[in-house]
Amino acid sequence: MVNNSRRGFFRKAVVGFTTLSTFDKTMLFQWFKRTVLKLPIHDDVYFTTGFKVMEVEGNRALVWTRLCSQEFPNPVKHERREAVFRHPNDFDEDQPVEKMDGAVKGCSGVVRFRLINKKDEMDSGWITTSEENDFTAKFLFGNLREDEKYKVEIEGRSSAKGPSRFASGKFKTTPPARQETPLNLVTSTCQYFWSFDDEQRGFKTYDSMRRLKPDIYIHTGDYIYYDKPGPLAITVEKARHKWHAMDSWTSIRKLYEEVPVYMIKDDHDLLRDDVYPGMPAYGQLSYSDGLKIWYENVPLDDKPYRTIRWGKDIQIWMVEGREYRSPNNLEDSEVKSIWGSEQKKWFMEGVEASDATFKLLFTATPVVGPDRATKKDNHANAVFRTEGNWLRQYLSNQKNMYVVNGDRHWQYVSQDLKTGLWEFGSGPVSDYHAQGWDPDDVRPEHRFLRLKGGFLNIRVDRKNHRPLISFSHRDVDGKVVHEEKFGPGHKRVERQ
């Protein structure tokens, strides 16, 4: 009996082992060598700046990572000022980048991505990383199944025969357009490395968003700030450092392990405040340098403007506001534009062809505002009044269309007094970043105003077969501070 039991146990163990993925077998073998055989494992590459599953749409998903030579980022050693933004005290802008707070050195090597679900296993093959592209790697997977959960497995080595380092995560693909599927979306904007509010994990907002178990995350620009100190990104090396330091915060990495991300660039991600094509370099960092670094980290395979369809009830358009715009200082006219004619044509054709119940425009900068009178950079400003008037009127003529924007350092809901168009500003990631508006200056357009940080949570669902959309502003800890809910026809649903 004992021998039969042992044979049965080993038979089951062998069967169980053969059903494991290649990734799980390798991890189990590494554990066995470390724990049972007590053999040293010399892993010399790391995923310290994490990975991102990006641009999930239909049957496609893009996976990105960066190979690193150090397991942890450099510790934060500088004390910070008490004033807004929390700039570092006595920061030596001329020190070597590799010595700076948050620095993470990259390394050359090879990376392999795998996607796995119950029916499929897909492999990118080995991809070489190099200094030319900041040791980043990417791969666009196609032929994915709609509305399916996938496991992400990433393997990195310093050479083809070197030891492996692993990372893993998960995501879900978008559901088909005919399907009634709820959506839980989170969005945020404006984060400066030194405005962190959790000394160990970085930003409370990211942990709060992750706890809501969202389907997708959209960042609406100013993910980093080239033109804020600690360091000022006046060289390519310092600009890349800004991405390394930000992406290595634990709270950000953990969100990306579970939630696909879509990123929209704004001025501070590209060069400096209010940037447009043709602006002079920022120190030694040129406009083209900024574009290259952006696409190293957000490697879109097509135009920077794109759309996501999530089931029957929601379609999202994410627009590009920096690459095609006219110079801000040109006189306002019919041809002066933030979007450019090609993007406007794409947007109108897509919106008018869509049969989604609700439609969302995600834009880095405001359309409705109100904004400060001194600003000269967006559709809510006088310098783009002609296109702004057209856009507000056009959007208000579409059924169930709403605007979600970044850029502003306060949370707000506004409704255009002329057209009735609704706009929702998520506010900055941290309370330390909140500034720029007098909290007592409540304008007629405002339906909600709060000079604090946090994020916006958007949910689309059905109640008694009736589609509903809700916009919940939350503080950095995830507490709801304001909510608007609508049915079809912009009919507001009163809170119960």
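Structure first, text after, so check above.
Notes on the structure in this doc start here. (Residues numbered from 1 in each chain as written. Predicted model: local features only at pLDDT ≥ 70, side-chain atom pairs only at ≥ 80, totals over all residues. Heavy atoms only, no water.)

Quick look at the sheet that holds strand β15 (residues 401-405)
- On the basis of which strands lie adjacent, the open sheet formed by seven strands has the order β12-β13-β14-β15-β17-β16-β18 and mixed pairing. Of all strands in the sheet, those with a lone pairing partner are β12 (306-310) and β18 (446-450), marking the two edges. Averaged over all neighbouring strand pairs, the angle between strand axes comes to 15°, with direction disregarded.
- Bridging between β12 and strand β13 (residues 314-318) involves five bridges; their strand directions are antiparallel. Bridge pairing links Trp-310 to Ile-314 in β13.
- Across the sheet, helix α8 (residues 341-353) is in contact with β12, β13, β14 (358-363) and β15; its angle to β13 comes to roughly 180°. (Pairing = 2+ DSSP bridges. Helix = DSSP H or I, 4+ residues; strand = E, 2+ residues; numbered from the N terminus. Axes fitted to C-alpha atoms, helices over the stretch in contact; angles between N-to-C directions. Contact = heavy atoms within 4.5 Å.)

As for the packing of helix α4 (residues 236-247) against helix α7 (residues 287-297)
- Direction vectors running N to C along α4 and α7 enclose 30°, while the axes themselves pass 10 Å from each other. As the angle between them shows, α4 and α7 are arranged roughly parallel. When the axes of α4 and α7 are compared, the crossing they make is right-handed. Residue-level contacts link Val-236, Ala-239, Arg-240, Trp-243 and Asp-247 of α4 to Asp-289, Lys-292, Ile-293, Trp-294, Glu-296 and Asn-297 of α7.
- Along the lines of polarity and charge, the residues of the contact of α4 with α7 split into five nonpolar, one polar and five charged. (Parallel < 35°, antiparallel > 145°, perpendicular 65-115°, else oblique. Left-handed = near helix turned anticlockwise from the far one by under 90°. Nonpolar A, V, L, I, M, F, W, Y, C, P; charged D, E, K, R; others polar.)

Treat this as a map of the structure, not an account of what it does.
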